[in-house]
Amino acid sequence: MRQLWQILRLLWTAEPRAMWRGAVLAVTVLVMGAALLGLSGWFITATGMAGLAGIGIAFDVFRPSAGVRMLALGRAAARYGERLLTHDATLRALARLRVTLLARLERFPMPELRRMRGAAALTRITADVDALDGVVLRLALPVAAALITHAAAFVALWALTSHAIAASIALGYLIGGGVVLWRVGRATLEPSSRAEAAMQTLRQGAIGLFRGRREAILQGTLPRWRASLDATEAEARAAMDRLDAIDTGAGMVLSVIVALVAAVAFALAGVLVAGDNLDPALAAVGVFVALALAETLVPLRRGMAEIGRMRDAAARVLAEPQVAARPERKGPAQAAVPGAVLEVRHLSLARPGWSRLLLHDLGFAAIPGETLAIRGASGAGKSTLLDVLVGLEPATAGEVLLLGKPLSEWEPAALRDVVTLVPQRSALLSGSIFDNLALADPGLTPEAARAVLRAVALEDAVEARGGIRSQLGEGGAGLSGGQARRLVLARALLRRPKLLLLDEPTEGLDGPTARQVLAGAREFLPDTAIVTASHRAAELESADRVLELERYIPEV
């Protein structure tokens, strides 16, 4: 449960003042509820006793009734404030947690991040963050408020009634309620985890079926896919039914415990009243407070039933990346090529998780204003090589120098100012075209935006759809594939890097447009070294040099 404690610390420290205010109000609600029922019991009993004694006309009913009204109204106000503050603080804390999660994901290796780009992984992350609101709302705050309320009730009953009544109520709830809730938490760990996993699988399968419905129909696999979803749904329902059964059983047992605690308090009160050791009205306080304290157990059932789901979500959110160690440099240092922006020396690399090398003993350099095209068969390692050159993946062996300095010695922020990569799949955001370009240059002006769009042969298309303020949908919806790639390239050009790495930059473009885009990029960045992973004729023809990658075949 260490992960739950870490998540609680993250959420609490994100909005500490609001959390503390909500905690105080949560305790106030429970204390006022117990005080309200206790005072009401005392008032009713004392009024009845005064009537039996014939002194009802002299009994002061105004102050107790005023106290009852004050506690009732105060409790309602405190409940409203508690819900408002705790939910507001939790939502704000979850927003901070999402930022923390994004910062943590930034440290993950690029292959892992690419695997997380799909709808399934994003759905998983969203569900995990949403599940963690229960750590505060259904676990931490209810447990703390319940313990404080029971402590206050114990002290008050000890002073007003008797030690026996105070101890019996405290021990009954602490031992009986504590054991039941602990067993609920233990019993629901596995089914709550199973239910959450099944729901995620069902959600992912439904998304996949929706996106691939045409192929499923054409291939005749729709019935089989539907049957798989039905089986997953049945598994999720079975786990949820098990949770409901445990929760219902726990509710029944807790009701029995409340009845037993109240019965014991009533019996002790009767004995004490019969022996003239306790005033009947004060004895009623103990019985009614015993009933009121049942309210402290109700919120805990749901929290304990979901503890498995929250635990698994916390473990995934707090997971640390497994970063491969960078190879040590071996052999004497060599002098850098004069004037080179990029220099690669004796580089060998393999895809993550592969034992076979893709490339071996590769060496080349790129100078300012030069365009170097890297050509190779599909799967030869072009994209992997670009990831190594930008520092997203370590090389298996060898060395990469950027501006004469080993890549491993660059600080991340400084490295991103010098080198920019445009991968095959790049993301656009929902918003205007100008907003997407401004990600690369916060001080971007409309004139500069139009100039870079002109460089990638996109200005006319943008003007035709309403200009740079026209809106795009999620993921850049509203642009064709070729237009989206050119907008991503335009955004990269605005970074004005010393080294620009392009992975299949003109994919989806016709030959004349591809040549126009490449010429425009070079004109926009005349002094930048450009390295492209290429196989198209337009990209190879526009390059100053072409480097052929060959598959590495080890000697036997």
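Residues numbered from 1 in each chain as written. Predicted model: local features only at pLDDT ≥ 70, side-chain atom pairs only at ≥ 80, totals over all residues. Heavy atoms only, no water.

Per an unreviewed UniProt entry, the chain goes by ATP-binding cassette, subfamily C, CydC and derives from Salipiger thiooxidans.

### Here we look at the overall build of the chain
Tallying secondary structure elements over the chain gives 20 helices and eleven strands in all. For the chain, the C-alpha radius of gyration of 34 Å lies well beyond 24 Å, the compact-globule estimate for 556 residues. In terms of principal-axis extent, the alpha carbons of the chain reach across some 110 × 60 × 60 Å. Sequence separation of 24 or more characterises 78% of the internal contacts of the chain that already satisfy a separation of 6 or more. Looking at the chain as shown, the accessible area adds up to about 28,600 Å², and 61% of this sits on carbon and sulfur atoms. (Helix = DSSP H or I, 4+ residues; strand = E, 2+ residues; numbered from the N terminus. Rg over C-alpha atoms; globule rule 2.2 N^0.38 Å. Contact = heavy atoms within 4.5 Å. Areas by Shrake-Rupley, 256 points an atom, 1.4 Å probe, with all protein chains shown as cover.)

### Digging into the environment of Ala231
Its place among the elements puts Ala231 in helix H9 (residues 222-274). On the basis of relative accessible area, Ala231 is assigned to the partly exposed category, the value being 47%. Each C-alpha atom, one on Ala231 and one on Ala95, is 35 Å from the other, the two residues being 136 residues apart in sequence. (Buried < 20%, exposed > 50% of the residue type's maximum accessible area, 1.4 Å probe, protein only.)

### Focus: the sheet that holds strand S2 (residues 359-366)
Sheet strands line up and pair through hydrogen bonds in the backbone, either parallel or antiparallel. In space, the four strands of this open sheet follow the order S2-S1-S4-S5, with antiparallel pairing throughout. Looking at the sheet topology across the chains shown, the edges are occupied by S2 and strand S5 (405-406). Strand direction decides the pairing type here: strand S4 (residues 397-402) and S5, joined by two bridges, are antiparallel. Each bridged residue has a counterpart across the sheet, and for Leu402 the counterpart in S5 is Lys405. (Pairing = 2+ DSSP bridges.)

### Some words on the layout of surface pockets
Approximately 420 Å³ is the volume found for the second largest pocket. Surrounding the second largest pocket, 17 residues form its lining, Glu82, Arg83, Leu137, Pro142 and Pro299 being those nearest its centre. At the level of elements, helix H2 (16-52), helix H3 (62-105), helix H6 (133-160) and helix H11 (298-305) are the ones that each hand at least two residues to the lining of the second largest pocket. Tallied by class, residues from the lining of the second largest pocket come to eight nonpolar, three polar and six charged. (1 Å grid on protein atoms, 1.4 Å probe; cavity = no way out; pocket = protein on both sides within 12 Å on 5 of 7 lines; lining within 4 Å. Points joined across faces, edges and corners; volume = space filled by probe spheres on them. Nonpolar A, V, L, I, M, F, W, Y, C, P; charged D, E, K, R; others polar.)

### Examining the packing of aromatic side chains
In the structure shown here, the tally under the stated rule is two aromatic pairs. Plain terms: the ring middles of Trp12 and Trp20 are 5.2 Å apart, the flat faces sit at 80° to each other, and that makes the pair edge-to-face. Since its relative accessible area comes to 18%, Trp12 is described here as buried. Across the ring face of Trp410, the terminal group of Lys405 is positioned such that the distance to the ring centre comes to 5.0 Å. (Phe/Tyr/Trp six-rings, centres within 6.5 Å; stacked < 30°, edge-to-face > 60°. Lys NZ or Arg CZ within 6 Å of the ring centre and 35° of its normal.)

### Quick word on the sheet that holds strand S11 (residues 545-548)
In spatial order, the strands read S6-S9-S10-S3-S11; together these five strands make up an open sheet with parallel pairing. Two strands lie at the open edges of the sheet, namely strand S6 (419-422) and S11, each paired on one side alone. Adjacent strand axes in the sheet meet at a mean angle of 15°, parallel and antiparallel pairs treated alike. Bridge count for S6 against strand S9 (residues 499-503) is four bridges, and the pairing is parallel. Within S9, the residue paired with Val419 across the bridge is Leu499. Along the sheet face, helix H18 (residues 481-493) touches S6 and S9 and points at about 165° away from the line of S9. (Axes fitted to C-alpha atoms, helices over the stretch in contact; angles between N-to-C directions.)

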